[in-house]
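Commentary on secondary and tertiary structure
Residue strings, one per chain:
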Amino acid sequence: MGKLTVRALRAVLVVVLAGTVCVQAGMVWVLVSGSDPEDGSLPLTALRVITILGMLSAQVALVCVWRLVTMVRRGTVFSHAAFRYVDAVIGAIVAAALLWFAVTAVNAPGQREDPGVTVIMGGIALAILGVALIVLVLRMLLAQAVARDVEAAEMQAELDEVI
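Residues numbered from 1 in each chain as written. Predicted model: local features only at pLDDT ≥ 70, side-chain atom pairs only at ≥ 80, totals over all residues. Heavy atoms only, no water.

You'll find the chain entered in an unreviewed UniProt entry as DUF2975 domain-containing protein, with Streptomyces sp. 900116325 given as the organism.

Helices and strands together make up the secondary structure of the chain, namely 4 helices and 0 strands. Ordered by position from N to C terminus, the α and β elements of the chain give α-α-α-α. Computed over C-alpha atoms, the radius of gyration of the chain comes to 21 Å, more than 25% over the 15 Å expected from 2.2 N^0.38 for 163 residues, which places it beyond the range of a compact globule. In terms of overall dimensions, the chain has a C-alpha envelope of 80 × 30 × 25 Å along the principal axes. In the chain, which comprises 163 residues, the proportion classed as buried is 25%. Looking at the chain as shown, the accessible area adds up to about 10300 Å², and 71% of this sits on carbon and sulfur atoms. (Helix = DSSP H or I, 4+ residues; strand = E, 2+ residues; numbered from the N terminus. Rg over C-alpha atoms; globule rule 2.2 N^0.38 Å. Buried < 20%, exposed > 50% of the residue type's maximum accessible area, 1.4 Å probe, protein only. Areas by Shrake-Rupley, 256 points an atom, 1.4 Å probe, with all protein chains shown as cover.)

Here we take up the packing of helix 1 (residues 3–33) against helix 2 (residues 44–74). Between two packed helices, both the angle of their axes relative to each other and the distance between the axes serve to describe the pair. Direction vectors running N to C along helix 1 and helix 2 enclose 160°, while the axes themselves pass 9 Å from each other. In this view, helix 1 runs roughly antiparallel relative to helix 2, as classed from their interaxial angle. Crossing handedness for the pair helix 1 and helix 2: left-handed. (Axes fitted to C-alpha atoms, helices over the stretch in contact; angles between N-to-C directions. Parallel < 35°, antiparallel > 145°, perpendicular 65-115°, else oblique. Left-handed = near helix turned anticlockwise from the far one by under 90°.)

Bringing the packing of helix 2 against helix 3 (residues 81–107) into the picture now. As a packed pair, helix 2 and helix 3 sit with axes 9 Å apart at the nearest point and diverge in direction by 160°. Taken together, the axes of helix 2 and helix 3 are roughly antiparallel relative to one another. The element helix 2 and its partner helix 3 pack so that their crossing is left-handed. Its residues assigned to classes, the contact of helix 2 with helix 3 comprises 22 nonpolar, 2 polar and 1 charged. (Nonpolar A, V, L, I, M, F, W, Y, C, P; charged D, E, K, R; others polar.)

This part covers the side chain of Gln59. Checked against the element boundaries, Gln59 lands in helix 2. Side-chain polar atoms of Gln59 contact the side chain of Thr20, separated by 2.9 Å. Apart from residues no more than four positions distant in its own chain, Gln59 is found in contact with Leu17, Thr20, Val21 and Gln24. (Polar contact = N/O pair within 3.5 Å; in protein donor to acceptor, adjacent residues only side chain to side chain. Contact = heavy atoms within 4.5 Å.)

UniProt feature "transmembrane region" (unreviewed entry): in the numbering of this structure it lies at residues 12–32, 44–69, 81–103 and 115–138. Helix makes up 100% of residues 12–32 and strand 0%. Its end C-alpha atoms lie 30 Å apart. A distance of 34 Å separates the end C-alpha atoms of residues 81–103, which is 100% helix and 0% strand. (UniProt positions renumbered as here; feature names shortened; annotations may be inferred.)

The next subject is the pattern of salt bridges. Tallied over the entire structure, the rule returns 1 salt bridge. Residue Arg139 is joined to Asp87 by a salt bridge in which the shortest nitrogen-to-oxygen separation is 2.5 Å. Of the two residues, Arg139 sits in helix 4 (residues 116–162) while Asp87 sits in helix 3, which places them 52 residues apart along the sequence. Using a relative accessible area of 35% as the deciding quantity, one classes Asp87 as partly exposed. (Salt bridge = Lys/Arg side-chain N within 4 Å of Asp/Glu carboxyl O.)

On to the packing of aromatic side chains, then. Across all of its chains, the model carries 0 aromatic pairs by this definition. A cation sits over an aromatic face here: Arg10 above Trp66, 4.7 Å from the ring centre. (Phe/Tyr/Trp six-rings, centres within 6.5 Å; stacked < 30°, edge-to-face > 60°. Lys NZ or Arg CZ within 6 Å of the ring centre and 35° of its normal.)

Following this line, the structure appears as structure tokens:
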């Protein structure tokens, strides 16, 4: 991975992380200060809490991607240490999908006249779960690569003993 690519990715990660932290801080302030202008049309407090948790799951994924990029730059990504970060990314994506299901459930009573919106929102949650499955497949590929790397190191050690 080139230096320009790493710098660009890290810049994007920093901007998104800073943005989500600012939005979270504002939402927490509204909830704690009691200045929530909820008018009763939608349960905004529940949606705000779900949004805060959703951004937290995105932040976990961002930090883990940062750590994985660091491992790539150091050449240590094909190790068992990378699995905890990939597992955390999978967990964050699954949490985001579950939170989206919660948003769908909170929004559903207001969509009685047009249930198609609720169906579309449920489909989006399934698509998010699909992303988690894709990352799980990539984790399996990483596991195979780590196993091959260990096998190659063992074979190199045996070859060194013979020579």
